[in-house]
Amino acid sequence: MPHDHHHGPSIDPTRLARYQNLAKAVTELLIEKNIISSDEIDDAIKGMDERGPALGARMVARAWSNSHYKESMLSDGSAAAEALGIPVDGTKLVVVENTEKVHNLVVCTLCSCYPRNILGLPPRWYKSTPYRARAIKEPRKVLKEFGTIIPESVSVRVHDSTADMRYMVLPARPTNTAEWNEERLRELVTRDSMIGAEAAITPGDQE
Amino acid sequence: MVNKPHDVAGISVSEIDLEENQYETWEKQIDALLVLLSGEKKLMRVDELRRGIESLGVNAYNELSYYERWIASISKILVEKNILSQTEIDNRIRKLRADGDLQ
């Protein structure tokens with residue numbers, strides 16, 4: 001696709017109004033038939049807004065501080081989430097660890113599967129055709145676009161998510177944080193570091 | 001074999017647009033519909049959403065934005081399952097348009 005549109009599908013106001021009307025029609029009919037209620041929709045949106053990378057950051061900071069937790073997280077991500085009171089909704093969460101030898105990157109080539117319960121709604125770029133298409137083919141080049149340079153001595157592993165299996169990256173613990181407690185460590189864990197698009201923040205680097 | 005439109009792995013050469021746009025209310029409402037229908041209501045599955053999206057045809061798949069694809073698929077699946085009828089959806093859209101509710 002040499003002329004792939006740079007910004008992905010654009011918003012056409014007439015078409016948008018048509019699909020917004022379709023959404024409204026479907027929603028109204030479902031409410032009138034007592035299949036769903038508007039309160040349930042509001043609650044679902046509220047739940048969506050409440051979940052976000054802060055939950056994943058709690059898991060990562062715990063794993064950095066507690067080797068038992070880390071082991072359990074790498075063997076059963078869903079159980080490790082639940083252990084911190086984060087519900088997982090029946091999808092299997094697989095956590096992959098970044099080390100000195102391996103850097104992991106997560107993608108969903110077919111659609112947009114993402115650990116939404118842990119990280120919230122995926123960023124738009126995660127769902128875009130260029131990311132989905134290129135992440136598996138040229139991950140180092142993709143990572144470079146995020147400002148992440150992976151040395152040749154480090155392998156890059158790309159994980160393709162499915163509807164039932166969602167991946168999350170356990171980023172490497174930044175240097176110079178030996179004395180840090182969990183609460184401070186959480187601040188170093190970014191959303192993109194848990195997708196594998198970047199490293200966790202190294203203290204001193206961000207100023 | 002020609003890939004179906006959703007099967008994009010390895011084909012695109014364009015740059016990734018890293019702009020961070022928040023989701024709009026209409027997008028979250030469509031997302032919420034699926035969360036409810038596939039979750040506690042158990043009326044459709046996420047795989048069915050994907051099947052619906054993948055069968056939109058290459059033009060619609062490439063032209064529509066993410067949540068436009070979702071609602072197109074959700075309505076299609078609900079009609080397939082006789083939960084809603086196409087006629088009542090069409091009639092309601094006509095009414096909404098006549099009321100000038102959204103435009």
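Analysis parameters
Residues numbered from 1 in each chain as written. Chains lettered and ligands numbered in written order. Predicted model: local features only at pLDDT ≥ 70, side-chain atom pairs only at ≥ 80, totals over all residues. Heavy atoms only, no water. Helix = DSSP H or I, 4+ residues; strand = E, 2+ residues; numbered from the N terminus. Buried < 20%, exposed > 50% of the residue type's maximum accessible area, 1.4 Å probe, protein only. Areas by Shrake-Rupley, 256 points an atom, 1.4 Å probe, with all protein chains shown as cover. Contact = heavy atoms within 4.5 Å. Lys, Arg positive; Asp, Glu negative; His and termini not counted. Charge placed at Lys NZ, Arg CZ, Asp CG, Glu CD. Phe/Tyr/Trp six-rings, centres within 6.5 Å; stacked < 30°, edge-to-face > 60°. Lys NZ or Arg CZ within 6 Å of the ring centre and 35° of its normal. Salt bridge = Lys/Arg side-chain N within 4 Å of Asp/Glu carboxyl O. Buried area = accessible area lost by both parts, 1.4 Å probe. Polar contact = N/O pair within 3.5 Å; in protein donor to acceptor, adjacent residues only side chain to side chain. Nonpolar A, V, L, I, M, F, W, Y, C, P; charged D, E, K, R; others polar. pLDDT = per-residue confidence, 0-100. Axes fitted to C-alpha atoms, helices over the stretch in contact; angles between N-to-C directions. Parallel < 35°, antiparallel > 145°, perpendicular 65-115°, else oblique. Domains from an automatic or database assignment.

Visitor: Explain the overall build of chain A here, please?
Guide: On a plain count of helices and strands, chain A comes out with 11 helices and 4 strands. For the C-alpha atoms alone, the extent of chain A along its principal axes is close to 55 × 45 × 35 Å. A burial count over chain A gives 52% of its 207 residues as buried. Accessible surface, chain A as shown: approximately 10100 Å² in total, 49% of it carbon and sulfur.

Visitor: What's the story with the overall build of chain B in this structure? I'm lost.
Guide: Within chain B, the regular secondary structure consists of 5 helices and 0 strands. The order of helices and strands in chain B, counted from the N terminus, is α-α-α-α-α. Taken over the C-alpha atoms alone, chain B extends approximately 45 × 30 × 30 Å along its principal axes. In chain B, which comprises 103 residues, the share counted as buried stands at 44%. In chain B, the share of contacts with a sequence separation of at least 24, taken over all contacts with a separation of at least 6, comes to 61%. Of the roughly 5500 Å² that chain B leaves accessible, carbon and sulfur atoms contribute 47%. Seen as two clouds, the 14 positive and the 19 negative side-chain charges of chain B have centres 9 Å apart.

Visitor: It is not clear to me how the packing of aromatic side chains should be interpreted in this structure. Could you clarify?
Guide: For any pair of aromatic rings, the description rests on two quantities: the centre-to-centre distance and the angle between the ring planes. All names here are of chain A. Under the definition given, this model contains 10 aromatic pairs over all chains. When the centroid spacing of 6.3 Å and the interplanar angle of 80 degrees are considered together, the rings of Tyr131 and Phe146 count as edge-to-face. Placement of Tyr131 in helix H8 (residues 129-134) and of Phe146 in the loop between helix H9 (139-145) and strand S3 (155-160) is noted, with a sequence separation of 15 residues between them. One aromatic cluster is present, built from ring pairs that chain together Tyr114, Trp125, Tyr126, Tyr131 and Phe146. The lysine or arginine in question, Arg62, covers the ring of Tyr69, its NZ or CZ lying 5.8 Å from the ring centre. Between Arg184 and the ring centre of Trp180, over which it is positioned, the NZ or CZ distance is 3.8 Å.

Visitor: How should the pattern of salt bridges be read in this particular structure?
Guide: For the structure shown, the criterion picks out 20 salt bridges over all chains. A salt bridge links Arg92 of chain B to Glu28 of chain A; the shortest N-O distance between them is 2.7 Å. Remark: Glu28 of chain A occurs in helix H1 (residues 13-32) and Arg92 of chain B occurs in helix H5 (residues 86-99); the pair is interchain, linking two chains. Judged by its relative accessible area of 14%, Arg92 of chain B is buried.

Visitor: What should I look at first to understand the interface of chain A and chain B in this one?
Guide: Often, the extent of an interface is quoted as the loss of accessible area on bringing the components together. Taken together, the contacts link 58 residues of chain A with 60 residues of chain B. In this assembly, chain A packs against chain B so that about 5700 Å² is buried in total across both faces, 63% of it on carbon and sulfur atoms. Where chain A touches chain B, the interface holds 9 salt bridges. Taken together, the links from chain A to chain B amount to 21 residue pairs in polar contact (both at pLDDT 80 or more). Those elements giving two or more residues to the side of chain A that touches chain B turn out to be H1, helix H2 (38-50), helix H7 (124-127), H8 and H9 of chain A. Here the side of chain A that touches chain B gets 17 residues from one element, more than from any other, and that element is H1 of chain A. A breakdown of the residues in the side of chain A that touches chain B according to their chemical character gives 31 nonpolar, 10 polar and 17 charged.

Visitor: Is there a simple way to think about the confidence of the model for chain B in this case?
Guide: Fine structural detail should not be taken from predicted coordinates in areas where pLDDT scores are low. Across chain B, the average pLDDT comes to 90, with 93% of residues at or above 70. Our summary of model confidence lists the complex with pTM equal to 0.88 and ipTM equal to 0.90.

Visitor: Even after reading the chapter, I still don't get the packing of H2 of chain A against helix H1 (residues 25-38) of chain B, so can you show me in this structure?
Guide: Axes are the key here: two packed helices are described by the angle between their axes and the distance separating the axes. As a packed pair, H2 of chain A and H1 of chain B sit with axes 9 Å apart at the nearest point and diverge in direction by 105 degrees. The orientation of H2 of chain A with respect to H1 of chain B, classified from their angle, is roughly perpendicular. Residues Glu40, Ile41, Ala44, Ile45, Met48 and Asp49 of chain A of H2 of chain A form the contact with H1 of chain B, whose own contacting residues are Lys28, Gln29, Asp31, Ala32, Leu33, Val35 and Leu36 of chain B. Of the residues contributing to the contact of H2 of chain A with H1 of chain B, the split by class is 8 nonpolar, 1 polar and 4 charged.

Visitor: Before we go on, may I ask you to explain the domain arrangement of chain A in this structure?
Guide: Segmenting chain A into domains produces domain 1 (13-49) and domain 2 (53-194). On a C-alpha basis, the centroid separation for the pair domain 1 of chain A and domain 2 of chain A is 31 Å.

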